[in-house]
Structures are given as C-alpha cells and as structure tokens.
Amino acid sequence: MFDVLGDLNWLGALVGFIALSLLGGLWFVALFPKAYNRSLGRDANAKAPSTLLFFAGPPLAGLIITLTSAVLFAALNIDTYGDALLFGLVVGVGYLAANTVTIAINPNFPRPLLYAAISGSYNLVGSLIVSTILLAV
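The structure reproduced in this document is the subject of the present report. By convention here, each chain's residues receive numbers from 1 onward along its written sequence. Per-residue local features of the predicted model are confined to residues with pLDDT of at least 70, and side-chain atom pairs are confined, for both listing and counting, to 80 or more; whole-chain, interface and lining totals are unaffected and use all residues. Side-chain numbers come from the whole structure's heavy atoms, not from hydrogens or water.

## As for unusual backbone geometry
Line of reasoning, step 1. Unlike most non-glycine residues, Asn77 shows phi in positive territory, near 55°.
Line of reasoning, step 2. Looking at the element boundaries, Asn77 is found in the loop between helix 3 (52-76) and helix 4 (81-104). Numbering of helices and strands runs from the N terminus, with a helix taken as a DSSP run of H or I at least four residues long and a strand as a DSSP run of E at least two residues long.

Written out as structure tokens, the structure reads:
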C-alpha cells in the first residue's frame, strides 16, 4: 500500500509546499500577528525573532506535512476534488488542528484556545489547499 514513491505527484507536492509556506507567512505575519502574539502572552506588536530556526523550521515542517499528504494521496488513489477536500478536512481537523489543540493545552500557553484557533485554522486551511493542489497539478 505504501510503495508509492514512484507514483507521487512531485510537482503537486512542490507547488503545495510553496503554497503552504506562503500561507504561513500571510497568516502569521499579515492576517493574525497581533492575535497570535496575544495567544503567546506577548505584546500584540512584538516582532518575531530573526533566527534561522524561525525562518527555516516552519517551511521544513510544511515540507514534511506536504510530502506525507502526497504519499497518502497516492496510497489512497485520491482522484476527485470531493475526495481531495474530504482528505484535507480529515487530515486538517483530525491530525493537524487536533494536535495543535493538544500542544496548546499546556501551562506555557497563556491563551491556549486562542492559539489553537489561530494555528489550528491555519493547519486546516493549509491542508485543504495542499490537498486541492495535489489533485489539480
């Protein structure tokens, strides 16, 4: 079932990875930076760190998520937009957003539900976008 590396949609995975990375920048830098900072207990106007880990870590994780979705797409023979969106929804809610909530329910997050709402919804939207791209490209 998982001997699918030869069947992967590598171009779709690349485009999906780029879209997910761009969405992350848009989501956390342009759309929700103040709310995200508040969810972490920081001043709403705090600036993000300018470190290699900050710039490289999220895209690397996004690449792993995108490649994992591509493997599952090939293994499950997803070939319709309905199935692609259902896959994106199941993965987005069932794994990514749920795991985000689990991580947020931690004494180090002063506003765990706000953090989970912002980051979990990013993961859900990202999963739907990647799934759509994996089918379309």
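## Examining the packing of helix 1 (residues 10-31) against helix 3
Line of reasoning, step 1. Between helix 1 and helix 3, the least distance of the axes is 9 Å, while the angle of their chain directions is 140°. Where helix 1 crosses over helix 3, the handedness of that crossing is right-handed. From helix 1, Trp10, Ala13, Gly16, Phe17, Leu20 and Ser21 reach across to helix 3, where they touch Pro59, Gly62, Leu63, Thr66, Leu67 and Ala70.
Line of reasoning, step 2. Residue classes follow a fixed rule: Ala, Val, Leu, Ile, Met, Phe, Trp, Tyr, Cys and Pro count as nonpolar, while Asp, Glu, Lys and Arg count as charged, and any other residue, Gly among them, counts as polar. Looking at the contact of helix 1 with helix 3 residue by residue, the classes come out as eight nonpolar, four polar and no charged. For helices, the axis comes from a line fit to the C-alpha atoms of the stretch in contact; other axes are also lines fit to C-alpha atoms, and the angle between any two N-to-C directions lies between 0 and 180 degrees. A crossing counts as left-handed when the near helix is turned anticlockwise from the far one by less than a right angle, and as right-handed when that turn is clockwise. Throughout, a residue-residue contact means that at least one pair of heavy atoms, one from each residue, lies within 4.5 Å.

## Observations concerning the packing of aromatic side chains
Line of reasoning, step 1. Classification of ring pairs rests on two measures: the distance between centres of Phe, Tyr or Trp rings, Trp counted by its six-membered ring, which must be within 6.5 Å, and the angle between planes, read as stacked under 30 degrees, edge-to-face over 60 and tilted in between. By the definition in use, this model includes eight aromatic pairs.
Line of reasoning, step 2. The interplanar angle of 50° and the centroid separation of 5.1 Å between the aromatic rings of Trp27 and Phe32 together place this pair among those described as tilted.
Line of reasoning, step 3. Look at Trp27 and you get buried, because its relative accessible area is 10%.
Line of reasoning, step 4. Between Trp27 and Tyr122, the aromatic rings sit 6.2 Å apart at their centres with planes inclined by 55°, giving tilted as the arrangement. Taken together, the residues span a long stretch of sequence, with Trp27 in helix 1 and Tyr122 in helix 5 (residues 112-136) at a distance of 95 residues. Only protein chains enter the calculation, and the probe is 1.4 Å; a residue is then buried if its accessible area is under 20% of its type maximum, exposed if over 50%, and partly exposed in between.

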